[in-house]
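Residues per chain are reported as follows:
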Amino acid sequence: MAKFRLLVTTALAATLSAGVAAHAGLITSETVVAAVPVPEPADVKPLTPADVVEQRGVQPDTIAPASTPDQKAVDAIPVPTDPVAIKIKELLDARADRMFAAKKDFAAAQAYYTAHNFAPVWSKDGAATDSARAAIAYLGTVDREGLDPADYRAPTFKTASSPDQAAEADLRMTATLLTYAHHAQNGRVNPHHVVKEVAYNAEMLDPADALAKIAESKDVAKTLAEFNPQHPLYQRLKTKLAELRGGNVAGQVQIGKGPALKLGKSDVHDARVPDLRERLGLPAKNDDVYDRELADEVSAFQKERGLRANGELTAATVDAMNGVRRDHSREIEIVVANMERWRWVSHDLGQAFSMLNIPDYTLKVYRDQQVLWQTRVVVGQPAKPTPLLTETMKYITINPTWHVPPSIVHNEYLPALARDPGVLARYGLRVSYSGGQVSITQPPGDHNALGRIRFNFPNQFLVYQHDTPDKNLFALTRRAFSHGCQRVQDPVKYAEVMTSLGAAEPYSQDRIRRMISAGSETDIKFVNPIPVHITYQTAFVDEAGRLEFRDDVYGEDARLIAALKSEHGSIVDIPVARVQPSTTVASSSSKKSKAAAATTAAAPSSPPPASNPVVASTPAAPTSPAAANSSETASAPAAASGAEAASNSSEPTSSATASNTTAPAKKKRTRTATAQAYSSSPSLFQMFFGGGGRQAPPSYVPGRGYYR
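Cut-off values and rules
Residues numbered from 1 in each chain as written. Predicted model: local features only at pLDDT ≥ 70, side-chain atom pairs only at ≥ 80, totals over all residues. Heavy atoms only, no water. Helix = DSSP H or I, 4+ residues; strand = E, 2+ residues; numbered from the N terminus. Buried < 20%, exposed > 50% of the residue type's maximum accessible area, 1.4 Å probe, protein only. Contact = heavy atoms within 4.5 Å. Areas by Shrake-Rupley, 256 points an atom, 1.4 Å probe, with all protein chains shown as cover. Core = buried A, V, L, I, M, F, W, Y, C linked by side-chain atoms within 4.5 Å. Axes fitted to C-alpha atoms, helices over the stretch in contact; angles between N-to-C directions. Parallel < 35°, antiparallel > 145°, perpendicular 65-115°, else oblique. Left-handed = near helix turned anticlockwise from the far one by under 90°. Nonpolar A, V, L, I, M, F, W, Y, C, P; charged D, E, K, R; others polar. Salt bridge = Lys/Arg side-chain N within 4 Å of Asp/Glu carboxyl O. Phe/Tyr/Trp six-rings, centres within 6.5 Å; stacked < 30°, edge-to-face > 60°. Lys NZ or Arg CZ within 6 Å of the ring centre and 35° of its normal. Arc of directions from axis to C-beta. Polar contact = N/O pair within 3.5 Å; in protein donor to acceptor, adjacent residues only side chain to side chain. Pairing = 2+ DSSP bridges.

Novice: Would you explain the overall build of the chain in this entry?
Specialist: In terms of regular secondary structure, the chain is built from 23 helices and 19 strands. Burial analysis of the chain (708 residues in total) assigns 46% to the buried set. By sequence separation, contacts in the chain at least 24 residues apart represent 70% of the contacts at least 6 residues apart. Here the chain displays about 35300 Å² of accessible surface, and carbon together with sulfur accounts for 55% of that area.

See below:
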């Protein structure tokens, strides 16, 4: 508008000026025209003949009005005409999500049916399709996978006589299959509901993708089976589960109890004969006669099983056919629990990977599904459990420095330092003070708590694998002594194997030993990070094909079996008692100490606490800012293992007065108290005064973060 006014004003002024000038005979009319400002022409290309022809072909009355987005969405929704499809659409529009176990399942079903004009997926002309019948038959056999067929009850399409019933049956079938797919791929029980610390990276089921695979499969039974883990470690357990059940799995006919059958002068009739013929693989007949052919097959079966081969169907023969043996119910429960835990782990373990089995105290390196190398390990105590996780090993540190975490500093080392100012220095620990903060480190060396090698796979629990000076612990059968990290018996060989898989070049054991002898802290970085799986296998099949069982050191089987036995068809929520991080330093109150001891004594799988005669108080030191990111602070959820657990474990925390005297009598009493504390608190004093049982609490490496 302002430009327009300026233009008019300028033109008017120019005209008036021109008039005056013309009157005076000073300028011409051309001068007046030139004085009027003209807008610059638009940068528009001239029309071509093709443009003119194209415009002539467009008639104003044939141009369609633009559709609004809402109108397009309405037009895109298909309108079903089939009565069952109409009812399916009505149910979906009415938010029939009550049929589905999860909202995402309902959304996936809604999208799939909408894309297919709400046509029924599992029935046609009032009868179940071949795919539906195959899916229903497969669901009846899922106990082979350690699942319960009762959780996946399919609807009966025969009774769906009306469009309403057929529509509901179709949706319920879809919901049932999606529930099964969830359970087969990721487990019935949410691992976070029964395990204190767990972080697996399993691929969570995509309901939309799963439904498309199932509904459009040419072999629906095979497709459903493939949702379960396919790697050999799971499949071997599946085979052993069938053996424990004696072949008594769904799909195999069972012979009923009854009187002994044997050939006689006249025909012997029995209702069990058709089942018996099927069990022995004989052609079916239209009678129930126990004939010579059947008796001969029974005799052959008896001979094979070491029974008296007389051709008589005795009770012992029936039991052998049904797989009745001694009661394996407990072993079956344990195997099923382990199969459930395998579903939590990524189904693709990797071409090469490291796997640690906590209850077996072993670490194995696999390549192409075969064990490449294995060694013994020390794992976390029941009060400081090693977490279950999958991560990738990214580098190895030679001659690592141990940075003692704040919780260990304040709860264990400062009290010891108060009693004996030289105790830390004698064991190579260095104390430094900066801005009110106290830090303790241990440089590389033979006495370093981490040994000479640390294997790094950064994770939320801040644990890792490392060497240890306490080699004597590997001779023990039960090796749960650490704060959560895993100590490796032969770290040099482990480093050689892992670098051959992940580093740019392999490092021989001789080369690694030379690096250790050099004494400098060095990182060997991997160009191909190697998966590290920390698992809890109380039942597994060894390389010789034997089913092995191990003690439930953390009580994980008990919690998981209880969860699996609870309400069917849903993921249960079993609360797990978690160790709460301590926010205070050792207290001088004997009442609090007794209460803590009583709580520890009540905890399962923990040894009874010993009394600590040294009770005093240490002023609480300020918390390091870096500690807020460690597993020792209350702000870190689900971090129950680690150094903070020491305050709640069966190992009492030692305390001492801030003041100490150098008088001989005082020294004598301090040494006596120290010796007593050593016997009752191995986590601290065994490290200082010898003996096995050194702990490996978290450590902080500048630029790398916390480790345990």
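Novice: Got a minute to help me understand the nonpolar core in this structure?
Specialist: A general tendency of soluble globular proteins is for nonpolar side chains to be buried together. Ranked by size, the top nonpolar core spans 87 residues in total, and within it Ile358, Met393, Ile396, Ile453 and Tyr494 carry the most contacts. At 8 residues, the largest contribution of residues to this core is made by helix α15 (residues 329-344). Beyond its immediate sequence surroundings of up to four residues, Ile358 is in contact with Val379, Thr386, Pro387, Leu388, Ile534, Thr535, Tyr536, Val553 and Tyr554. Among the nonpolar cores identified, the runner-up in size contains 43 residues, and Leu171, Leu205, Val220 and Leu224 belong to it.

Novice: Before we go on, may I ask you to explain the packing of helix α6 (residues 103-115) against helix α9 (residues 207-215) in this structure?
Specialist: When two helices pack together, their arrangement is given by the angle between the helix axes and the distance between those axes. Packing of α6 against α9 leaves a shortest axis separation of 8 Å and a crossing angle of 50°. Taken together, α6 and α9 sit at an angle that is classed as oblique. Remark: the crossing between α6 and α9 carries right-handed chirality. Residue-level inspection shows Lys104, Asp105, Ala108, Ala109 and Tyr112 of α6 in contact with α9, the latter providing Pro207, Ala208, Leu211, Ala212 and Ala215. Here the residues of the contact of α6 with α9 sort into 8 nonpolar, no polar and 2 charged.

Novice: Hey, could you run me through the pattern of salt bridges in this one?
Specialist: Side-chain pairing between opposite charges can occur once the charged atoms of the two side chains come close. Going through the model one piece at a time under the given rule, you end up with 33 salt bridges. Glu168 serves as the salt-bridge partner of Arg172, at 2.9 Å between the closest nitrogen and oxygen. Separated by 4 residues within a single helix, Arg172 and Glu168 lie in helix α8 (residues 163-186), roughly one turn from each other. Measuring nitrogen to oxygen at the nearest pair gives 3.3 Å for the salt bridge that ties Glu505 to Arg511. On the basis of relative accessible area, Glu505 is assigned to the partly exposed category, the value being 39%. Here Arg511 falls in the partly exposed class, since its relative accessible area comes to 26%. Beyond isolated ion pairs, a larger network of salt bridges with shared partners links Asp360, Asp542, Arg546, Glu548 and Arg550.

Novice: I would appreciate a short explanation of the packing of aromatic side chains in the present structure.
Specialist: Aromatic rings considered in pairs are described by the distance between their centres and by the relative angle of their planes. Taken as a whole, this structure holds 8 aromatic pairs when the rule is applied. Ring plane angle 85° and centroid distance 6.3 Å describe the contact between Trp402 and Tyr413, whose orientation is recorded as edge-to-face. With Trp402 in strand β8 (residues 402-404) and Tyr413 in helix α16 (residues 406-419), this residue pair connects regions lying 11 residues apart in the sequence. Residue classification places Trp402 among the buried residues on the basis of a relative accessible area of 0%. For Tyr413, a relative accessible area of 2% gives the class buried. One aromatic cluster is present, built from ring pairs that chain together Tyr138, Tyr152 and Tyr180. Between the NZ or CZ atom of Arg454 and the centre of the ring of Tyr464, over which it lies, the distance is 5.7 Å. A cation over an aromatic ring shows up here: Arg511 above the ring of Tyr507, its NZ or CZ 3.8 Å from the ring centre.

Novice: Help me out: how do you make sense of α9 in this one?
Specialist: Every α-helical turn comprises 3.6 residues, leaving residues that sit three or four positions apart pointing alike. Buried within α9 are the following residues: Pro207, Ala210, Leu211, Ile214 and Ala215. Down the axis, α9 shows its buried residues gathered within 120° of arc, on one side only. Elements that come into contact with the buried residues of α9 comprise α6, α8 and α10 (220-225). Capping the start of α9 is the job of one residue whose side-chain oxygen sits 3.1 Å from the backbone nitrogen of Ala208: Asp206.

Novice: Whenever I open this one, the environment of Thr522 confuses me. Can you help?
Specialist: Note on placement: Thr522 falls in strand β15 (residues 522-535). Sequence spacing of Thr522 and Ile398 is 124 residues, and the spatial spacing of their C-alpha atoms is 5.1 Å.

Novice: In this structure, what is going on with helix α20 (residues 556-565)? I would like to understand it.
Specialist: Along α20, the residues that are buried comprise Glu556, Asp557, Leu560, Ile561, Ala563 and Leu564. Taken down its axis, α20 places every buried residue within 160° of arc, on the same side. Against α15 lie the buried residues of α20.

Novice: Whenever I open this one, the sheet that holds β8 confuses me. Can you help?
Specialist: Strands belonging to one sheet form pairs held by backbone hydrogen bonds; the direction of such a pair is parallel or antiparallel. Strand order in the open sheet made by the 3 strands is β8-β10-β9, with antiparallel pairing throughout. At either end of the open sheet lies a strand with only one pairing partner, and these are β8 and β9 (430-434). Within the sheet, the average angular offset between the axes of one strand and its neighbour, ignoring direction, is 30°. Here 5 bridges tie β9 to strand β10 (residues 437-442), and the two strands are oriented antiparallel to one another. When the bridges of β10 are listed, Ser432 appears paired with Ser439.

Novice: What exactly am I supposed to notice about unusual backbone geometry here?
Specialist: With glycine set apart, most residues show a phi of negative sign, and most peptide bonds adopt trans. Despite not being glycine, Asn117 has its phi angle at roughly 55°, a positive value. Along the polypeptide, Asn117 turns up in the loop between α6 and β1 (123-124). Located in the positive-phi region is Phe118, a residue other than glycine, with phi close to 65°. Residue position: Phe118 is located in the loop between α6 and β1. A relative accessible area of 3% means that Phe118 is categorised as buried.

Novice: What's the story with the environment of Ala562 in this structure? I'm lost.
Specialist: For Ala562, the position within the fold is in helix α20. Sequence spacing of Ala562 and Ala337 is 225 residues, and the spatial spacing of their C-alpha atoms is 9.8 Å.

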